[in-house]
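Chain and residue survey
Residues per chain, in single letters:
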Amino acid sequence: MIQAILVFNNHGKPRLVRFYQRFPEEIQQQIVRETFHLVLKRDDNICNFLEGGSLIGGSDYKLIYRHYATLYFVFCVDSSESELGILDLIQVFVETLDKCFENVCELDLIFHMDKVHYILQEVVMGGMVLETNMNEIVAQIEAQNRLEKSEGQVLG
Amino acid sequence: MPAVSKGDGMRGLAVFISDIRNCKSKEAEIKRINKELANIRSKFKGDKALDGYSKKKYVCKLLFIFLLGHDIDFGHMEAVNLLSSNKYTEKQIGYLFISVLVNSNSELIRLINNAIKNDLASRNPTFMCLALHCIANVGSREMGEAFAADIPRILVAGDSMDSVKQSAALCLLRLYKASPDLVPMGEWTARVVHLLNDQHMGVVTAAVSLITCLCKKNPDDFKTCVSLAVSRLSRIVSSASTDLQDYTYYFVPAPWLSVKLLRLLQCYPPPEDAAVKGRLVECLETVLNKAQEPPKSKKVQHSNAKNAILFETISLIIHYDSEPNLLVRACNQLGQFLQHRETNLRYLALESMCTLASSEFSHEAVKTHIETVINALKTERDVSVRQRAVDLLYAMCDRSNAPQIVAEMLSYLETADYSIREEIVLKVAILAEKYAVDYTWYVDTILNLIRIAGDYVSEEVWYRVIQIVINRDDVQGYAAKTVFEALQAPACHENLVKVGGYILGEFGNLIAGDPRSSPLIQFHLLHSKFHLCSVPTRALLLSTYIKFVNLFPEVKPTIQDVLRSDSQLRNADVELQQRAVEYLRLSTVASTDILATVLEEMPPFPERESSILAKLKKKKGPGTVTDLEDTKRDRSVDVNGGPEPAPASTSAVSTPSPSADLLGLGAAPTAPAGPPPSSGGSGLLVDVFSDSASVVAPLAPGSEDNFARFVCKNNGVLFENQLLQIGLKSEFRQNLGRMFIFYGNKTSTQFLNFTPTLICSDDLQPNLNLQTKPVDPTVEGGAQVQQVVNIECVSDFTEAPVLNIQFRYGGTFQNVSVQLPITLNKFFQPTEMASQDFFQRWKQLSNPQQEVQNIFKAKHPMDTEVTKAKIIGFGSALLEEVDPNPANFVGAGIIHTKTTQIGCLLRLEPNLQAQMYRLTLRTSKEAVSQRLCELLSAQF
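Since the model is a prediction, treat every value here as computed from it, not as a measurement.

Observations regarding the overall build of chain A
From N to C terminus, chain A includes 5 helices and 7 strands. Split into buried and exposed, the 156 residues of chain A put 67% on the buried side. Contacts in chain A between residues at least 24 apart in sequence constitute 49% of all its contacts with a sequence separation of at least 6.

So, the pairing of strand S8 (residues 784-793) of chain B
Residues and elements named next belong to chain B. Where strand S5 (residues 736-745) meets S8, 9 bridges bridge the pair, whose relative direction is antiparallel. Bridged to leucine 736 within S8 is glutamate 792. With 5 bridges connecting them, strand S7 (residues 768-772) and S8 associate as antiparallel partners. Paired with threonine 772 across the bridge in S8 is valine 789.

Notes on the pattern of salt bridges
All names here are of chain B. Within the structure shown, the criterion is met by 50 salt bridges over all chains. Between aspartate 391 and arginine 388 there is a salt bridge, and its shortest N-O distance comes to 2.7 Å. Highlighted residues: aspartate 391 and arginine 388, both in helix H21 (residues 383-396), separated by 3 residues, approximately one helical turn. The same class applies to aspartate 391 and to arginine 388, which are both buried.

Notes on the sheet that holds strand S1 (residues 2-9) of chain A
All names here are of chain A. On the basis of which strands lie adjacent, the open sheet formed by 5 strands has the order S2-S1-S5-S4-S3 and antiparallel pairing. Whereas interior strands pair on both sides, the edge strands pair on one side only; in this sheet they are strand S2 (14-19) and strand S3 (49-51). With strand direction ignored, the average angle separating the axes of adjacent strands in the sheet is 20°. Note: S1 against S2, 5 bridges, orientation antiparallel. Within S2, the residue paired with leucine 6 across the bridge is valine 17.

Thoughts on unusual backbone geometry
Residues and elements named next belong to chain A. A positive phi is found at glutamate 102, a non-glycine position, where the angle reads about 55°. Looking at the element boundaries, glutamate 102 is found in the loop between helix H2 (83-101) and helix H3 (106-111). Taking the relative accessible area as the measure of exposure, glutamate 102 reaches 44% and is therefore partly exposed.

With respect to the sheet that holds strand S4 (residues 724-733) of chain B
Residues and elements named next belong to chain B. Ordered by their spatial adjacency, 5 strands build an open sheet running S3-S4-S5-S8-S7, and the pairing between neighbours is antiparallel. Two strands in the sheet have a free side with no partner beyond their single neighbour: strand S3 (716-720) and S7. Direction aside, neighbouring strands of the sheet carry axes that sit 25° apart on average.

Regarding the interface of chain B and chain A
In this assembly, 85 residues from chain B lie in contact with 80 residues from chain A. Of the roughly 7300 Å² buried between chain B and chain A on both sides combined, carbon and sulfur atoms contribute 53%. Our count for the contact surface shared by chain B and chain A stands at 25 residue pairs in polar contact (both at pLDDT 80 or more). When grouped by side-chain class, the residues that make up the side of chain B that touches chain A number 39 nonpolar, 25 polar and 21 charged.

With respect to the packing of helix H16 (residues 300-320) of chain B against helix H18 (residues 343-356) of chain B
All names here are of chain B. Orientation of H16 relative to H18, taken along the N-to-C sense of each, is 10°, at an axis distance of 10 Å. Considering the angle they form, H16 stands roughly parallel to H18. Contact with H16, carried on its side by Asn307, Phe311 and Ile318, involves Leu345, Leu348, Ala349, Ser352, Thr355 and Leu356 of H18 and no other residues of that element.

Comments concerning the packing of aromatic side chains
For any pair of aromatic rings, the description rests on two quantities: the centre-to-centre distance and the angle between the ring planes. Residue and element names in this part refer to chain B. For the structure shown, the criterion picks out 30 aromatic pairs over all chains. Taken together, a centroid distance of 4.8 Å and an interplanar angle of 70° make the contact between phenylalanine 523 and tyrosine 545 edge-to-face. With a gap of 22 residues between them, phenylalanine 523 in helix H28 (residues 519-530) and tyrosine 545 in helix H29 (residues 535-551) connect regions that are remote in the sequence. For tyrosine 545, a relative accessible area of 0% translates into the label buried. Among the aromatic residues, ring-to-ring pairing joins Tyr743, Phe751, Phe754, Phe807 and Tyr809 into one connected group. Taking the ring centre of tyrosine 394 as reference, the NZ or CZ of lysine 427 above it sits at 5.3 Å. For the cation-ring pair, lysine 547 lies above tyrosine 502, with the distance from its terminal atom to the ring centre recorded as 4.3 Å.

Quick word on the packing of helix H3 (residues 52-67) of chain B against helix H5 (residues 88-100) of chain B
Residues and elements named next belong to chain B. Running from amino to carboxyl end, H3 crosses H5 at an angle of 30°, the nearest separation of the two axes being 10 Å. Classified by the angle their axes make, H3 and H5 are roughly parallel. In the crossing of H3 with H5, the sense of the turn from one axis to the other is left-handed. Contact with H3, carried on its side by Gly52, Tyr53, Lys56, Val59, Cys60, Leu62, Leu63 and Phe66, involves Thr89, Glu90, Ile93, Leu96, Phe97 and Val100 of H5 and no other residues of that element.

Here we look at helix H22 (residues 402-413) of chain B
All names here are of chain B. In a regular helix each residue adds 1.5 Å, so 12 residues correspond to 16 Å; H22 covers 16 Å between its end C-alpha atoms and thus fits that length. Those residues of H22 that sit buried are Ala402, Ile405, Val406, Glu408, Met409, Leu410, Tyr412 and Leu413. In this fold, the buried residues of H22 make contact with helix H20 (370-379), H21, helix H23 (418-434) and helix H24 (439-453).

A word on the environment of B:Arg388
The exposure class assigned to B:Arg388 is buried, which follows from its relative accessible area of 7%. Sequence separation of B:Arg388 and B:Met353 is 35 residues, and the distance between their C-alpha atoms is 9.7 Å. Other than its neighbours up to four places away in sequence, B:Arg388 contacts A:Glu51, B:Tyr347, B:Leu350 and B:Glu351.

Some words on the side chain of B:Ser209
Considering the arrangement of structural elements, one finds B:Ser209 in helix H12 (residues 201-217). Given a relative accessible area of 5%, B:Ser209 falls into the buried group. Each residue touching B:Ser209, except ones within four places of it in the same chain, is listed here: A:Met128, B:Leu170, B:Leu173 and B:Lys260.

Quick notes on helix H10 (residues 162-178) of chain B
Spanning 17 residues, H10(B) covers 25 Å between terminal C-alpha atoms, matching the ideal 24 Å at 1.5 Å per step. Counting buried residues in H10(B) gives 14 out of 17 residues, a clear majority hidden from the surface.

What about the confidence of the model for chain B?
Residue and element names in this part refer to chain B. Across chain B, the average pLDDT comes to 83, with 89% of residues at 70 or higher. Within chain B, helix H14 (residues 255-265) carries the highest mean pLDDT (95), whereas helix H35 (residues 628-640) carries the lowest (33). Overall, residues 622-695 carries pLDDT values under 50, and its contacts beyond four positions in sequence, including any with other chains, amount to 112 contacts. Reported for the predicted complex are a pTM of 0.65 and an ipTM of 0.93.

Definitions and limits used
- Residues numbered from 1 in each chain as written.
- Chains lettered and ligands numbered in written order.
- Predicted model: local features only at pLDDT ≥ 70, side-chain atom pairs only at ≥ 80, totals over all residues.
- Heavy atoms only, no water.
- Helix = DSSP H or I, 4+ residues; strand = E, 2+ residues; numbered from the N terminus.
- Buried < 20%, exposed > 50% of the residue type's maximum accessible area, 1.4 Å probe, protein only.
- Contact = heavy atoms within 4.5 Å.
- Pairing = 2+ DSSP bridges.
- Salt bridge = Lys/Arg side-chain N within 4 Å of Asp/Glu carboxyl O.
- Axes fitted to C-alpha atoms, helices over the stretch in contact; angles between N-to-C directions.
- Buried area = accessible area lost by both parts, 1.4 Å probe.
- Polar contact = N/O pair within 3.5 Å; in protein donor to acceptor, adjacent residues only side chain to side chain.
- Nonpolar A, V, L, I, M, F, W, Y, C, P; charged D, E, K, R; others polar.
- Parallel < 35°, antiparallel > 145°, perpendicular 65-115°, else oblique.
- Phe/Tyr/Trp six-rings, centres within 6.5 Å; stacked < 30°, edge-to-face > 60°.
- Lys NZ or Arg CZ within 6 Å of the ring centre and 35° of its normal.
- Left-handed = near helix turned anticlockwise from the far one by under 90°.
- Expected span 1.5 Å × (residues − 1).
- pLDDT = per-residue confidence, 0-100.

Shown next, in the form of structure tokens:
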């Protein structure tokens, strides 16, 4: 199961935080910071897995992460997940974001936080992998968009 | 066209975000946020009803503020209102807010549940999915109770859309994980298994995840899934890379589904049906073969996906552990990966090989890679990978290669990352002990360990080396000689001084014949380190000195001089001072015979599981190990009211020494005889000047703690202040009990008018009968009086009786009240029962009034053995192998009262990650469930 999905930039500013296991708010903040410090000190080109920080359960959990330009995508998972599978899932998530936003960048995550959550929701649900087929995910998002349009947005 | 249109978002939101981004300082940002929070608050509170769009905008702003790390304590109600909107986008943001900012307010939960109920019943698949997502993301017990029964129905309904089925499967999985008892198996399970044949791959993936989780506890309900999983897997593995269209990921057909299917198969033994098994073996071979084919793409995604399947295949082969041919092929494949240029693959290969090393078929094959692994330890840039290499070396170690592996680990230790040093130290210590043929090698290894990484050598490690040296007389002389030599180094680690001090104190005589290590030289060598050491080490060295007095009468005057010096006799540290005084006295007054008896060589330690092994297991996998050392220490804290002294003082010369009293050595400042509550004395000072004679004193501060401590035990000190100590001893049988109360006068002056009174409140009186005789009103200084209380439990009760004591001490009136620990659980009789009986009774008590549950944070370290002891002390039987989850504890017993007997079942589920417990009590009486739950919850 995926315990948490954290996206933050190279300075540790959180851009997407999603916990699937209940932690009090202040612990959530600490986990984000701890995780940032754990991955920050690692060079690129070394392995993408490491043991979880103490707050999120230590050696029973793994942090699986990818670093894209200015953003780190970190999934914290337990031993029931395949490491490489999760690594690919991060790629699917990012490729999907890229398709939905056309050349996604950090700013898109900031200004369309809600949309990013909706896309993530199509990929992961309650900590479990829901869908891995990119076309299917994009189709869902497009359907949502059509609904949104049909409901007639008022600009404000 | 992008799926997300960037232009038409919410402008107010974008402006706010830009403002935040333009803030030059943290202060400015906080100011801007507070302004916005105030604005939103006033909008929410204002008279004007907000339209859905505004609500959506503000809720979105709150989410953003939350992401920045600020607490959000309002807005939940507005979000809940959005749930009932007919507009999809408003509903959607409402659900998002609730899933991200979970709130446990029960009124809110009721409203949320209502909205979810409506959406589930709406037959609009989009709304249904939103509702299912919300349940899965929150996953709380309340939601489970409300919906667990509906989800299976939605999941297997013929007319559910694929996306709904997919969401329903995962939703059910989540609820099952959170509260398995809420998801009873039923006829739907068979239909879930058939989802493995579903057309839609997304549905199959979700179903496999669900079955993998459910079948762990209900293997028989799902065993038909094996053949279906095998045929599905076989179809995927043998398909051409384009057959599965959208589910082909970088030329690999359905990698996630394959991985999940292989995981599912690892829940079961190899298929018995020869045809199924043949088909599966064929699949596994195909995967292994494909690994040798040239890649279809150079992209890393392609190789990742392919290898994800390969690693899972290897895991399955290792799990079956029955096909030597496949095991060796798996091992060879991993061997290739050990030298792969991709770090991830090297990491995973090391990890998988660890499990492979424990199989008898492949252990030898794994061993052939030793050089590569050692090389990895030396050259890998990544600490995660080096850590795996250490693990693998540890796993592949046996008698044949132990010297090599231990030597490599020791040399790696010199440069190892700080984060993994302690673990390596433990591993080296364990391997050295386990594979020692020659104990001199063992001693050398441990001393090296202390030399190289003394700071990381935990107590357990040096305790253990002493245990082993004491238990093996063939190595004692060598050990003495070696530590003596090691201590010659000008700077040695304190742990070495401890080991050296202890070993020379016991076996220094074995090398004293050599003039280079004469008694005096040994003593001077140790004493030269004395002043650089911490207090516990110095205390240990003082014990060594007194042992020297016994071993070598010729150094007695020298040692007496040292003990007599002001820096010892008047040391500011009580422990050191006490040892110096006692040892000096012992060396002066005791005859040689007595000295020899008191300071006799340590008897061998009983053989038991190595404490370091326990420690390592604890580091690696919490919850699975019983740590003997820790339990022991916990208890001794209870008894001595202080940290356990170094092992030296467990010898006959220990400090609060009964033996010293026997020798009539006079009044040494002895440690308090009874257990003063470890919370410290100051909290217990009752107001001694209080003069309100007739009023019953309020409960003594701290007595609550003491009271709680008696819930699981019957004897000990209930209360203590500067004047008075109250001890208890009690026994209970069925609905009767007897309690001995001991009142000790700690002063040298009489207590007059000493009147203890037992007070039962009006509620308690009819349920609990207490009978006692008055005690003598005068308690002499230093004396102890005893009072017997006969107890009868008439009916179940909640409160505890209060013991009030009034007396005069030196002209002042004293008044003390404490709760007397007579609690309902004392009338427990344990009941043993088999798993089946237990669950049958559990089900019979499923009425909501009969169950009380409490979820709480652990207040003490979560130690399995301690927990077991507490449950037994609580009075119920501890039922082993009843709960399918071995980490859980279940108990059963009967509460005996005069009027009735009440059967009680309990279940305690620890969650180590969250450091929480869930305790469930089921009895036939609500008040009893409630009270027992309260009492037991306070124990963890």
